[in-house]
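# A look at the structure
Each chain, written out:
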Amino acid sequence: MVDVPAATRPYSVLDPLIARYASWLALPREATADTSDEDPENVVLMPMVLRIERREPPDRTALLEAAAAAAIALCVDERCKPGGEWHAAVHGWISGRIRKVARRARGAHWEAVQALPGITIRVGNAEARAFVPMRVADMPKELSRLQISGSELAADEPGPVPPGVPTLWLNPDVPMSAGKSAAQVGHATMFLAALLHAEGRDALLDEWAAQDFRCAVRKADAGTWAQLHPQDDAETAWRERRVAVVRDAGFTEVDPGTVTVLAQWP
């Protein structure tokens, strides 16, 4: 990861998420997938690329943790400050629908995408790179030629959650590919950071940034999911249990309105 002094991190770029968080969770399920106000020619998303080598594929959990960290690391990079080279693209994307699409790459294709504007995070034997948001129509061939499908990896046993890191709990009742899960945990780290910033707790974000936004991704068991799920009271869930909610629009793999991740701050 690029070594960026905490004082230069533009956490304010996340402000548009704060205003929309509660209203998004309150939408009827079918309304989450409503794109009637969207111009298909100008859909903007954050591309993500997961390194999945054929002979030595990464551990699934480590790959998701790398993707989750890369997404927030890019959003608060110093280049996203007002006047920075990434500010307009990132601020415009965060102000709309924060879509992400994860693709897979290996070998020379992985090396090729390192030249595109973005941030790569490594966790264990896994690497993921988040890219500056862009219109789908403007996506360079180094990204557009990569496949979205085929990113599935075998389940692993990651062990206990390390102390002091956020835990991103995957919905135990909703199967998702590694690519879909990578996008969802990337949303989760953004929501956590936005909610902490809204409370004026940038010092905590600075500490997290110093750890390269380390987090733990785990599949929740039924009891944990039921205990943490906010139901219709997201405000209380955050205030009392430090739990943020990722609710998907349902464009791929899951039904509209599905809660895919519960992100728990330690």
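Let us look at the layout of surface pockets. Think of a ball as big as a water molecule: rolled over the atoms, this probe shows where empty space is left. There is about 720 Å³ of room inside the largest pocket. Put simply, the parts of the chain that give the lining of the largest pocket at least two residues each are α1 (15-26), β2 (100-105), α6 (178-198) and β8 (243-247). Grouping the amino acids of the lining of the largest pocket by side-chain chemistry returns 15 nonpolar, 10 polar and eight charged. Space inside the second largest pocket adds up to approximately 400 Å³. Lining the second largest pocket are 19 residues, with Ala 22, Leu 25, Asp 233, Ala 234 and Glu 235 sitting closest to its centre. The element contributing the most residues to the lining of the second largest pocket is α1, with six residues.

Attention now moves to the sheet that holds β8. Read from one edge of the open sheet, four strands run β7-β6-β9-β8, paired in mixed fashion. Edge positions in the sheet fall to β7 (216-219) and β8, since each has one partner strand and no second. On average, adjacent strands in this sheet sit at an angle of 25° to one another, irrespective of strand direction. When strand β6 (residues 167-170) meets β7, the two strands line up parallel, connected through four bridges. By the bridge assignment for β7, Thr 167 is matched with Ala 216. Each of β6, β7, β8 and β9 (259-264) is contacted by α6, which is oriented at about 140° to β8, the strand it contacts most.

This brings us to the packing of α1 against α6. Between two packed helices, the angle of one axis relative to the other and the distance separating the axes together describe the packing. The N-to-C vectors of α1 and α6 enclose an angle of 100°; their axes lie 9 Å apart at closest approach. Taken together, the axis directions place α1 and α6 in an arrangement best described as roughly perpendicular. Where α1 approaches α6, its residues Asp 15, Leu 17, Ile 18 and Tyr 21 are matched on the opposing element by Met 190, Phe 191, Ala 194, Leu 195, His 197 and Ala 198.

Here we take up the pattern of salt bridges. The tally for this structure, following the rule as stated, stands at 13 salt bridges. Sharing partners across several salt bridges, the network here consists of Arg 51, Glu 53, Arg 122 and Glu 127.

The topology assignment puts Glu 127 in strand β4 (residues 126-131). A polar contact is formed between the side chain of Glu 127 and the side chain of Arg 51, at a distance of 2.7 Å. A polar side-chain atom of Glu 127 sits 3.4 Å from a polar atom in the side chain of Arg 122.

Conventions we followed
Residues numbered from 1 in each chain as written. Predicted model: local features only at pLDDT ≥ 70, side-chain atom pairs only at ≥ 80, totals over all residues. Heavy atoms only, no water. 1 Å grid on protein atoms, 1.4 Å probe; cavity = no way out; pocket = protein on both sides within 12 Å on 5 of 7 lines; lining within 4 Å. Points joined across faces, edges and corners; volume = space filled by probe spheres on them. Helix = DSSP H or I, 4+ residues; strand = E, 2+ residues; numbered from the N terminus. Nonpolar A, V, L, I, M, F, W, Y, C, P; charged D, E, K, R; others polar. Pairing = 2+ DSSP bridges. Axes fitted to C-alpha atoms, helices over the stretch in contact; angles between N-to-C directions. Contact = heavy atoms within 4.5 Å. Parallel < 35°, antiparallel > 145°, perpendicular 65-115°, else oblique. Salt bridge = Lys/Arg side-chain N within 4 Å of Asp/Glu carboxyl O. Polar contact = N/O pair within 3.5 Å; in protein donor to acceptor, adjacent residues only side chain to side chain.

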